[in-house]
Amino acid sequence: MSKKIVVLGAGYAGALTAKKLEKKLKGQDVDITIIDKNPFFTMLSELHEVAAWRVEEDSIRIDLKKIFAGRNVNVVLDNIVETDFEQNKITGKVNTYEYDYLVMASGCKSTYWGVPGAEEHTFPLWSYDEAVNLRLHIYNMFSSAARELDPKKRKALLTFYVVGAGFTGVEMIAELAEFVPIICQKFHIDTNDVSLNCVDALDKLLPFMPDKAINRVANRLKKLNINLQLNSNITNVTAESITFESSALNIQYQSGGGAKVDTTNKDNNKVTITDETYTVIWTAGIEGSDIALHSEARLGHVPRSRGRIQTDKYLRSINHANVYVAGDNTFYIPEGEEWSVPQMVEHCEHCAPLIAANIVDQVNGKEPTHEYKPQFHGSMVSVGGRYASAHVGMPGKFFVLPSLFAMLSKHAVAMLFFLHLIGWNKIFAHVKTQFFTIRNRRSILGGHFSNRSATFMTVPLRIWMGGYLIYYAYVRFVYDWLNTPVLADTIRSVANEFRPVFMIPYTHIPAEINFMGSIRFSTTMGGSGHSIFWLQTTPVSWFIETFVIASTNMEIFWQTFIVLFCLLIGLALMGGFLTTLASIATMLYTIGLLLITGLPIYYAWLVVAPLVFIFSGANRSLSLDYYFIPWFNKKWKSLGFVKKLYIFND
């Protein structure tokens, strides 16, 4: 009888654990099921980018069926509401599921700390739906303000609060600050009318980062005109206002002129501030999901842990040896540490393979042997799309990265996770979304590489290039390249007029690192009087002498190949058929000319133009690819091995 493994939750930890289990148990009699209330995986670390209109909402969502395509994992859409750990079953709104081993990876939700009105009147930011909802609300606030006649209400519409100055809060308010000038221009609103505020009960932001990194972030927030109100406790939220207690030292705080400060009831040097606003974004902490809160007492309760479940060193529940706890649901203090593992993505990446390995041990009738001894490499925070701070390194050797390297590291970490989750497909999509289709210069590369031009403008160049290659083939056909050997004479004539401008003889390079032999860069004056650039290397020269001009038949073969190649590539470019492949082939052919016969300077455009076609989307306008590529993608993605290996492009 097959063993049943159920993974509850398809977030960072759950999705990775299910993939690791499937790989390790391939061919064994097991049934792996992953259950989530959503049919997709969400990049929670990028919610703020969607909410503040930097990227489209689809960029942070990945279909679970794509992730597990071609794998022995059953993807189930259900919302689990009851657990019975004694009977080894869990019950959802749709069905009941029995298990031999359960992975609790149900994640978290926002917590409101009992603040009156917070749950009813704020906008949490901890799920895909919440990010999309906030995105639309922010847009509507500016749209409404542009038409509002009442100055007081208009001010409230343009006043925004983020509660919580941790990672999510800082990233959200900074992202919103970068969006304000863009949307203000759209609705003809003065940016000085917008008030951006970040409030936190602690006396500093980003408490898990060192002061050096915190100061850099604080300075950046100041440049973005964000009011940072620390050491302030939220006491009430309504549909139209926020109230908080703050230090009397900050009595001058007026939120751009709209806040009311009550100093009549000072208590312990505190004053009460009330500000009218329709937008309070809540990022002031998280707690376990409903099912985690419902289950923690039976699995391993930890006082004041807000739904985190205590585990042993194998990440099993301390009360049920066949229930493992992953991701944000885990409460475990590694040996030698004072605090539990953090609720962050790196913990999910560490715990997933360990849990999978321990379950494999148990499936095979053994006791688990893999102890959880994670080494975390720091934390990163983005402050808008163009600035970041990171505190990274190894235990005992941490340092603060400059902004550029911090942002690059953040992207690198995201792409590394994608590599484990869904391969190169999502990596390509991430790069495209973050750099090549980004709008309003909201990336570390600005807008220099963002494709904003109309693709049909490349059509004349594509047709001209295709026609040129056809003409090139026609001329060589007229000169009887199919029957008369001329390639050897052409190559030798260039060699006879060889004028080296730079040369590295193989005798000057140590043998153990010299793979090219003699390397020569040269310019020659060909028979036509045009400058020719030639990169001569020993391996290429050997290949030419051995396989290209060694005999008349070889010469005729390569000459025929060149004529047919140029003809077919030219036709493909003119018609816009397989344009990207044709462009790559043209570049390779031009590089071949540089190595074999030398490259006339006026041929350099044969390298540059294909790059334009590849990166500008030239195959999407007035081309056969406009019809062929969608059809081909549909057929290609339906193949089992393609889905399993993720070798498709959305």
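Residues numbered from 1 in each chain as written. Predicted model: local features only at pLDDT ≥ 70, side-chain atom pairs only at ≥ 80, totals over all residues. Heavy atoms only, no water.

**Looking at the overall build of the protein**
So the rule is basically this: Only DSSP runs of H or I with at least four residues qualify as helices, and only runs of E with at least two residues qualify as strands; both kinds are numbered from the N terminus onward. For each residue, the accessible area found with a 1.4 Å probe, counting protein chains only, is set against the maximum for its type, and the residue is called buried under 20%, exposed over 50%, and partly exposed in between. Contacts between residues were defined by any pair of non-hydrogen atoms, one from each residue, lying within 4.5 Å. The protein chains shown are the only cover counted for residues, whose accessible areas, like all others here, come from Shrake-Rupley with a 1.4 Å probe.
Secondary structure assignment for the protein yields 20 helices and 30 strands. The 650 residues of the protein split such that 49% are buried. Taking all contacts inside the protein whose residues are at least 6 apart in sequence as the whole, residues at least 24 apart take part in 65%. By element, 58% of the accessible surface of the protein is carried by carbon and sulfur atoms, the whole surface being about 31,900 Å².

**Quick look at helix α1 (residues 12-24)**
To be explicit about the condition: A helix is expected to span 1.5 Å multiplied by its residue count minus one.
Relative to the 18 Å expected for 13 residues at 1.5 Å per residue, α1 spans 19 Å between its end C-alpha atoms, a close match to the ideal helical length. Across the 13 residues of α1, 10 count as buried, placing the element largely inside the fold. Buried within α1 are the following residues: Y12, A13, G14, A15, L16, T17, A18, K19, L21 and E22.

**Topic: the sheet that holds strand β14 (residues 226-229)**
For the record, the criterion: At least two bridges found by DSSP between two strands are what make those strands a pair.
Sheet architecture is open: five strands sit in the order β11-β19-β12-β13-β14, paired in parallel fashion. Only two strands of the sheet have a single neighbouring strand rather than two, namely β11 (123-124) and β14. In this sheet, strand β13 (residues 195-199) lies alongside strand β12 (residues 159-163) in parallel orientation, the contact comprising five bridges. Pairing of Y161 across the sheet is with N197, part of β13.

**Comments concerning the sheet that holds strand β8 (residues 96-98)**
Condition: Lines fitted to C-alpha atoms define the axes, with helix axes restricted to the stretch in contact, and inter-axis angles between N-to-C directions lie between 0 and 180 degrees.
Strand order in the open sheet formed by three strands is β6-β7-β8, and the pairing between neighbours is antiparallel. Since the sheet does not close on itself, it has two edges, and those belong to β6 (80-84) and β8, each with one partner. The mean inter-strand angle of the sheet, taken between neighbouring strand axes irrespective of direction, is 20°. The sheet contact formed by β6 and strand β7 (residues 89-92) spans four bridges and is antiparallel. Paired with T83 across the two strands is I90, which belongs to β7.

**Digging into the packing of helix α16 (residues 552-575) against helix α17 (residues 579-596)**
Put simply, the rule is: Here is the rule for handedness: rotate from the far helix to the near one, and if that takes an anticlockwise turn smaller than a right angle the crossing is left-handed, while a clockwise turn gives right-handed. Under the grouping applied here, Gly and all other residues not named as nonpolar or charged are polar, the nonpolar ones being Ala, Val, Leu, Ile, Met, Phe, Trp, Tyr, Cys and Pro and the charged ones Asp, Glu, Lys and Arg.
Across the interface, α16 lies against α17 with an axial gap of 9 Å and an inter-helix angle of 145°. By crossing handedness, the relation of α16 to α17 is classed as left-handed. In this structure, α16 contributes I562, F565, C566, I569, A572 and L573 to the contact, and α17 contributes T579, A582, S583, A585, T586 and Y589. Class assignment of the residues belonging to the contact of α16 with α17 gives a composition of nine nonpolar, three polar and no charged.

**Quick notes on the side chain of S241**
Along the polypeptide, S241 turns up in strand β16 (residues 241-247). Take S241: its relative accessible area is 14%, and that puts it in the buried class. Residues in contact with S241, not counting those within four places in the same chain, are T274, D275, E276 and T277.

**Details of the packing of α17 against helix α18 (residues 605-616)**
We count it as follows: Roughly parallel means an angle under 35 degrees; roughly antiparallel, over 145; roughly perpendicular, 65 to 115; everything else is oblique.
Relative to each other, α17 and α18 sit at 160°, their axes nearing to 9 Å. Overall, the two elements α17 and α18 adopt an arrangement that is roughly antiparallel. When the axes of α17 and α18 are compared, the crossing they make is left-handed. In this structure, α17 contributes T579, T580, S583, I584, T586, M587 and T590 to the contact, and α18 contributes L606, V607, P610, L611, F613 and I614. Of the residues contributing to the contact of α17 with α18, the split by class is eight nonpolar, five polar and no charged.

**Thoughts on α18**
Helical geometry note: an α-helix holds 3.6 residues per turn, so side chains three or four residues apart project in the same direction. The test is simple: The arc refers to the directions leading from the helix axis to the C-beta atoms.
End to end, α18 covers 16 Å across 12 residues, agreeing with the expected 16 Å (1.5 Å per residue, within 8%). Along α18, the residues classified as buried are L606, A609, P610, F613 and S616. Burial along α18 is one-sided: seen end-on, the buried residues are contained in an arc of 150°. Opposite its buried face, α18 presents the exposed residues V608 and F615, each directed more than 90 degrees away. Next to the buried residues of α18 lie α13 (459-478), α16 and α17. G617, located one to two residues past α18, shows a positive phi value of around 75°.

**Examining the side chain of R308**
Threshold: Polar contact is the term for a pair of N or O atoms within 3.5 Å; when the atoms are in protein, one must be able to donate a hydrogen and the other to accept it, and sequence-neighboring residues count only if both atoms are side-chain atoms.
When you line up the elements, R308 lands in the loop between α9 (290-299) and β21 (309-310). At a separation of 2.6 Å, a polar atom in the side chain of R308 contacts the main-chain carbonyl oxygen of V341. Aside from chain neighbours lying at most four places away, what touches R308 is E296, G300, V302, D328, N329, T330, F331, S340, V341, P342 and Q343.

**Quick look at the pairing of β7**
Side-chain alternation along β7 places I90 and G92 on a buried face and K89 and T91 on a face that remains uncovered. In textbook terms, the turn of a hairpin is the stretch between consecutive antiparallel strands, and for β6 and β7 this stretch comprises four residues, one of which, N88, has a positive phi near 55°. Sheet topology note: the β7/β8 ladder contains three bridges and is antiparallel. By the bridge assignment, T91 is partnered in β8 with T96. As consecutive antiparallel partners, β7 and β8 are separated by three residues.

**Section: a nonpolar patch on the surface**
So the rule is basically this: Like-charged residues are merged into a patch within 9 Å and nonpolar side chains (Val, Leu, Ile, Met, Phe, Trp, Tyr) within 5 Å, provided each residue has over 30% relative accessible area and no salt bridge. What counts as a salt bridge is simple: a side-chain nitrogen of Lys or Arg found within 4 Å of a carboxyl oxygen of Asp or Glu.
On the surface, F577, L578, L581, I584, L588, I591 and L624 cluster together into a nonpolar patch covering about 620 Å² of accessible area. Inspection of the secondary structure puts L581 in helix α17.

**Re the pattern of salt bridges**
For the structure on display, the rule yields 17 salt bridges. Note that D290 is salt-bridged to K109, the shortest N-O span being 2.4 Å. Separated by 181 residues along the polypeptide, D290 in helix α9 and K109 in strand β10 (residues 108-110) bring together distant segments of the chain. Relative accessible area serves as the criterion here: at 52%, D290 is assigned to the exposed category. Look at K109 and you get partly exposed, because its relative accessible area is 29%. Between E175 and R442 there is a salt bridge, with the nearest N and O atoms lying 3.3 Å from each other. Taken as a pair, E175 in helix α7 (residues 167-187) and R442 in the loop between α12 (424-436) and α13 lie far apart in primary sequence, 267 residues in all. For E175, a relative accessible area of 0% puts it in the buried group.

**As for the packing of aromatic side chains**
Test applied: Here is the rule: rings of Phe, Tyr and Trp (six-membered ring for Trp) pair when centre to centre is within 6.5 Å. Planes less than 30 degrees apart are stacked, more than 60 are edge-to-face, and the remainder are tilted.
For the coordinates displayed, the defined rule picks out 26 aromatic pairs. Between F142 and F160 the ring centres are 5.4 Å apart and the planes differ by 15°, which places this aromatic pair in the stacked class. Of this pair, F142 sits in helix α5 (residues 128-147) while F160 sits in strand β12, and the two are 18 residues apart along the sequence. Neither F142 nor F160 differs from the other in exposure class; each is buried. Aromatic side chains W424 and F428 sit 6.0 Å apart centroid to centroid with 65° between the ring planes, which places their arrangement in the edge-to-face category.

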